[in-house]
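Chain by chain, the residues run as shown.
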Amino acid sequence: MTTIVLMVVMLNMEVAINTVSTPQFPTNAARKAARIAILIGALIRIGRLERRWSEQEAAERANISRGTLRKIEAGNTSVAAGSIYALCALLSVPLFEEMGERDLEAKIKMAGLRLEALPKRIREGKEEELDDGF
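Keep in mind that this is a model prediction, so the values were computed, not measured.

A few points about the nonpolar core
Note on soluble globular proteins: their nonpolar side chains tend to be buried together.
Consideration 1: Judged by nonpolar contacts, the single largest core of 15 residues is most densely connected at Ile-44, Ile-64, Leu-69, Ile-72, Ile-84 and Leu-87.
Consideration 2: Here this core takes four residues from helix α5 (residues 81–91), the largest share from any one element.
Consideration 3: Not counting residues within four places of it along the chain, the set of residues in contact with Ile-72 comprises Ala-37, Gly-41, Ile-44, Ile-64, Val-79, Ser-83, Ile-84 and Leu-87.

Right under this line is the structure:
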């Protein structure tokens, strides 16, 4: 019975993912980000439903508001990444490929090295003063 219910939920989520219209974005990257947000939201909802948690219970466990949970599950891209990460960790929704702590630390170190390899003017950025004409 649980398997059938889960399959129906997953099919409904697949339909929802395929039928949610992605807003018009100026770039392919923005469009892809919106589709990824929809997918992550669906996976979070599936994880919550598998655990039979109400929206309120999941929100309390993740230390976010119920409204924020609803936005995340709907694929809203304006939600803080930390809130999404908290839910993913809580519900065992992988954001990245599975990796151990050592792999994670290695990737963080590699990202730091890549940042350090960038020219200083790019890495540190330069705040340009804007002339608004006022």
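Side note on the layout of surface pockets
By rolling a water-sized probe across the atoms, one finds the places where empty space is left.
Consideration 1: Here the largest pocket defines a volume of roughly 330 Å³.
Consideration 2: Forming the walls of the largest pocket are 14 residues, and the residues nearest its centre are Tyr-85, Pro-94, Leu-95, Phe-96 and Glu-97.
Consideration 3: For the lining of the largest pocket, the element with the highest residue contribution is α5, accounting for three residues.
Consideration 4: The class makeup of the residues in the lining of the largest pocket is nine nonpolar, two polar and three charged.

Description of the pattern of salt bridges
Consideration 1: Counted according to the given criterion, the structure contains five salt bridges.
Consideration 2: Ionic pairing is found between Arg-66 and Glu-55, a salt bridge with its closest N-O pair at 3.0 Å. Separated by 11 residues along the polypeptide, Arg-66 in helix α4 (residues 66–73) and Glu-55 in helix α3 (residues 55–62) bring together distant segments of the chain.
Consideration 3: In this structure, the salt-bridge partner of Glu-57 is Arg-61, at a minimum N-O distance of 3.0 Å. Note that Glu-57 and Arg-61 are positioned in helix α3 at a spacing of four residues, about one turn of the helix.
Consideration 4: Using a relative accessible area of 28% as the deciding quantity, one classes Glu-57 as partly exposed.
Consideration 5: One continuous salt-bridge network, built from bridges that share partners, spans Arg-45, Arg-48 and Glu-73.

Observations concerning helix α2 (residues 28–50)
Consideration 1: Over its 23 residues, α2 runs 33 Å from end to end, which matches the ideal 33 Å to within 8%, given 1.5 Å per residue.
Consideration 2: Ala-34, Ala-37, Ile-38, Ile-40, Gly-41, Ala-42, Ile-44, Ile-46, Gly-47 and Arg-48 are the residues of α2 that are buried.
Consideration 3: Arg-52, located one to two residues past α2, shows a positive phi value of around 60 degrees.

What counts, and at which threshold
Residues numbered from 1 in each chain as written. Predicted model: local features only at pLDDT ≥ 70, side-chain atom pairs only at ≥ 80, totals over all residues. Heavy atoms only, no water. Core = buried A, V, L, I, M, F, W, Y, C linked by side-chain atoms within 4.5 Å. Buried < 20%, exposed > 50% of the residue type's maximum accessible area, 1.4 Å probe, protein only. Helix = DSSP H or I, 4+ residues; strand = E, 2+ residues; numbered from the N terminus. Contact = heavy atoms within 4.5 Å. 1 Å grid on protein atoms, 1.4 Å probe; cavity = no way out; pocket = protein on both sides within 12 Å on 5 of 7 lines; lining within 4 Å. Points joined across faces, edges and corners; volume = space filled by probe spheres on them. Nonpolar A, V, L, I, M, F, W, Y, C, P; charged D, E, K, R; others polar. Salt bridge = Lys/Arg side-chain N within 4 Å of Asp/Glu carboxyl O. Expected span 1.5 Å × (residues − 1).

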